Amino acid sequence: MRKLPGPRMLWVLGACALSGALLRLSFPVPGLWPLAWVAMAPWLVVLREGTRRETLLGSAVAGLIAAGLGLSWQFIVTKLGGAGLSIYVALYFLLFASLLRAATRLVRVPFVIAAPVLWVGCEYLRSFLITGFPWLFVGHTQFPFKAVVQVADLFGPYAVSFVVVAANAFVADAAAAWWRGEATWRRLAPGGAFAAAMAAGAIAYGSWRLANLEVAEGPRVGIVQGNIPQEIKNELSLESIARIFGEHRDLTLELLRSAAGQKLDLVVWPETMVQLPLNRGEYPVIRQFREAIGELVGLLQCPMLVGAHTEFGVDRVIEAEADGTVRAVTDGEITTEDRAYLLPHYTDPETGKEPTRTILVREGQTVRRGDKLATYESLVHNSAYLFRPNAPLTPADRYDKVHLVPFGEYVPLRTMLFFLRQVVPYSKGFTPGDAPRPIALGQWRFGVLICFESAFPELSRGYVAPREGPGADFLINISNDGWFRGSHELDQHLAICGFRAIENRIGVVRSVNSGISAIIDPAGRVREIVRDAAGRTRLVAGTAIGRVPVRRGLTFYARRGDAFARACLALTALLLGASLAVAIARRTQRAR
């Protein structure tokens, strides 16, 4: 066995830092995807050969570098949030390292098999734990390698992660064997055969799918991409709201001219480009915006999807008008000795939704004039509205975002974490909508994914294969990525949407403030993209027109979902249990 020159820990930390850096380079941007096939190998060598201390310290270094650099765009929005999210993702590196060490040393599972199973188990766990963060999956690095990512229509992005990690594990195993002087054919053949079979199988399947994929053409869609700095959106003044609307109206008229007489079936605006609750038509200002949108839709002679807000109820505080003692608290009123304070229910007649009512007093409590007796807090949704020519708005033409971003759109456990309300960009916070349902567009139906909802495969599957009724024929992702100022988040987000297209063999339309807006076909290939005259796709305003392909059937993944990832998670739990059992048995035996 060879010896390392110099302090061993420096080599350990250097190898793990190298893996973290190579992983970052594998993701967009720069997207050097071939590096991903060996990026994890130096770190895995440490997990294969290192002590417990070396394993934990090295994994912390690898995870913090990979996550910190990969999620550096989050620091643009909030440094505290960026640091917290990077540490959170890095913890999964530590979890994986501990599981891999236990599975290979205690249960004796072959390294090349244990590594991909446990990695996918950890990725799947991260996809739903604490609301989920399915970002920076190893499989996402391979989006440019179209032959290998087609396997996602069977097992999702986890299958691609499995193949890539298996290759890394074999490289690490071979390197460790060579260093020990044990690199014989008999020693390396099983692991090499397994990793090669996984890679060859995925590439062969993908090549066959690409050669035989039949695409059905759907509606002609016009995409509008503004380039509104987040600082302007954050003003939330009528002047800034009107300015944003005006810029998108002008872009839409430009889109109409570029259509050159070709009929459009749909026009799409990005997320919250109208920062008003468009369902509240009783307010004159909002009614003016709705009328302006209606006029624009009339010119287009086709429906238009607009990102805006939805509000139910009003914010109201009921205060005591005089000193007294609360005699009774009922569902309809609060009474004192000489006062009765009504507690009405503000129920929306179309949806049945009503604001949150909080009663702040109890019977027998003494109150002073001006004390708060009850509060009403309106419900606000992040929504998408489909405006149709010569037709009124209906709830069926609106989608309210279901999966909100924690600490971005709401504060979890806000009664306990009330001091963090000022951290949320929208201090009031949004309310999640009901279960998503496709919206009708002539002979087609489409599902809407707002912002980071596109990162969650189950939401797309919910549209494509709903429990009741027909599924969506194509998907639309509207987003405001202006938060991230043209960073690599834009490219990462585009790649993730590409996986949603492959998984369900469905077309995806993206309309994103500041970019990258595009039409993606069922193979994950970008058909149309918004770019300026210089070819730039980020931090530019522009339009694009193209036909979006529609779904022809249900893929295995659409029908079965994350069965493969769940199996890996189950095996992870099984290996953890077996490792604990072996460790306890050994400790008991030593005690005897």
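Look a little higher up for the structure.
Just so we're clear, the structure is a prediction, and the values are computed from it rather than from any experiment.

Draft legend 1. Representation of the packing of helix α10 (residues 157-180) against helix α11 (residues 185-212). Relative orientation of the contacting elements α10 and α11 amounts to 160°, with a least axis distance of 9 Å. In terms of axis orientation, α10 runs roughly antiparallel to α11. Crossing hand, α10 versus α11: left-handed. Contacts between α10 and α11 pair F162, V163, A166, A167, F170, D173, A174 and A177 from the former with R187, L188, G191, G192, F194, A195, M198, A199 and A202 from the latter. Its residues placed into classes, the contact of α10 with α11 shows 13 nonpolar, 2 polar and 2 charged.

Draft legend 2. Seen up close, the packing of helix α7 (residues 111-128) against helix α18 (residues 563-591). Running from N to C, α7 and α18 point in directions that differ by 110°, and their axes come no closer than 8 Å. The angle between α7 and α18 falls in the class roughly perpendicular. As α7 packs across α18, the resulting crossing turns out to be left-handed. Here V117, L118, V120, G121, Y124, L125 and F128 of α7 come into contact with α18, specifically with F564, A565, R566, C568, L569, L571, T572 and L575. Its residues assigned to classes, the contact of α7 with α18 shows 12 nonpolar, 2 polar and 1 charged.

Draft legend 3. Quick look at the environment of G218. Among the secondary structure elements, G218 is positioned in strand β1 (residues 216-225). Of the residues examined, G218 reaches a relative accessible area of 2% and is grouped as buried. Counting along the chain gives 22 residues from G218 to A196, while the straight-line C-alpha distance between them is 39 Å.

Draft legend 4. Examining the sheet that holds strand β17 (residues 507-513) more closely. Read from one edge to the other, the open sheet built from 6 strands follows the order β14-β15-β16-β17-β18-β19, with strand pairing classed as mixed. Lying at the two open borders of the sheet, with one neighbouring strand each, are β14 (439-441) and β19 (526-529). Put simply, the sheet's adjacent strands are angled 25° from each other on average, direction ignored. Sheet topology note: the β14/strand β15 (residues 444-450) ladder contains 3 bridges and is antiparallel. For A440, the partnering residue across the bridge sits in β15 and is R445. The sheet strands contacting helix α16 (residues 489-504) are β16 (474-480), β17, β18 (518-520) and β19, and the helix crosses β17 at an angle near 160°.

Draft legend 5. View of the packing of aromatic side chains. The full count for this structure, using the stated rule, is 29 aromatic pairs. Residues W73 and F452 carry aromatic rings whose centres are separated by 6.2 Å and whose planes lie at 75° to one another, so their mutual orientation is edge-to-face. Here W73, found in the loop between α4 (52-70) and α5 (74-77), pairs with F452, found in the loop between β15 and α15 (457-464); they are 379 residues apart in sequence, far enough to count as distant. Under the relative-accessibility criterion, W73 is labelled buried at 1%. Between F133 and W135, the ring centres sit 6.4 Å apart and the planes meet at 20°, which makes this aromatic pair stacked. Judged by its relative accessible area of 1%, W135 is buried. An aromatic cluster is present here, built from W73, F133, W135, F452 and F484 joined pairwise through their rings. Over the ring of Y92 we find R126; its NZ or CZ atom is 5.9 Å from the centre of that ring. The ring of Y557 is capped by R461, whose NZ or CZ atom sits 6.0 Å from the centre of that ring.

The rules behind these values
- Here the residue index of a chain counts from 1 through its sequence in written order.
- The predicted origin of the model limits local features to residues at a pLDDT of at least 70 and limits the giving and counting of side-chain atom pairs to 80 or more, whereas totals for whole chains, interfaces and linings rest on all residues.
- With hydrogens and water excluded, all non-hydrogen atoms of the structure serve as input to the side-chain values.
- A fitted line through C-alpha atoms represents every axis, and for helices the fit uses only the stretch in contact; the resulting angles, taken between N-to-C directions, go from 0 to 180 degrees.
- Numbering goes from the N terminus for both helices and strands, where a helix is a DSSP run of H or I of at least four residues and a strand is a run of E of at least two.
- With respect to orientation, any angle under 35 degrees is reported as roughly parallel, any angle over 145 as roughly antiparallel, any angle of 65 to 115 as roughly perpendicular, and every other angle as oblique.
- If you view the pair so one helix is near and one far, a crossing is left-handed when the near helix is turned anticlockwise from the far one by less than a right angle, and right-handed when it is turned clockwise.
- Here a residue-residue contact requires only that any non-hydrogen atoms of the pair lie within 4.5 Å.
- Under this grouping Gly is polar, as are all residues other than the nonpolar Ala, Val, Leu, Ile, Met, Phe, Trp, Tyr, Cys and Pro and the charged Asp, Glu, Lys and Arg.
- Categorising residues by exposure relies on relative accessible area from a 1.4 Å probe, with only protein chains included: less than 20% of the type maximum marks a residue as buried, more than 50% marks it as exposed, and the intermediate range marks it as partly exposed.
- Pairs of strands are assigned from DSSP output, requiring at least two bridges between the strands.
- Two rings from Phe, Tyr or Trp (for Trp, the six-membered ring) form a pair when their centres sit within 6.5 Å of each other. Planes less than 30 degrees apart are called stacked, planes more than 60 degrees apart edge-to-face, and all others tilted.
- For a lysine, the NZ atom is tested; for an arginine, the CZ atom; a charge sits over a ring if that atom is within 6 Å of the ring centre and within 35 degrees of the ring normal.

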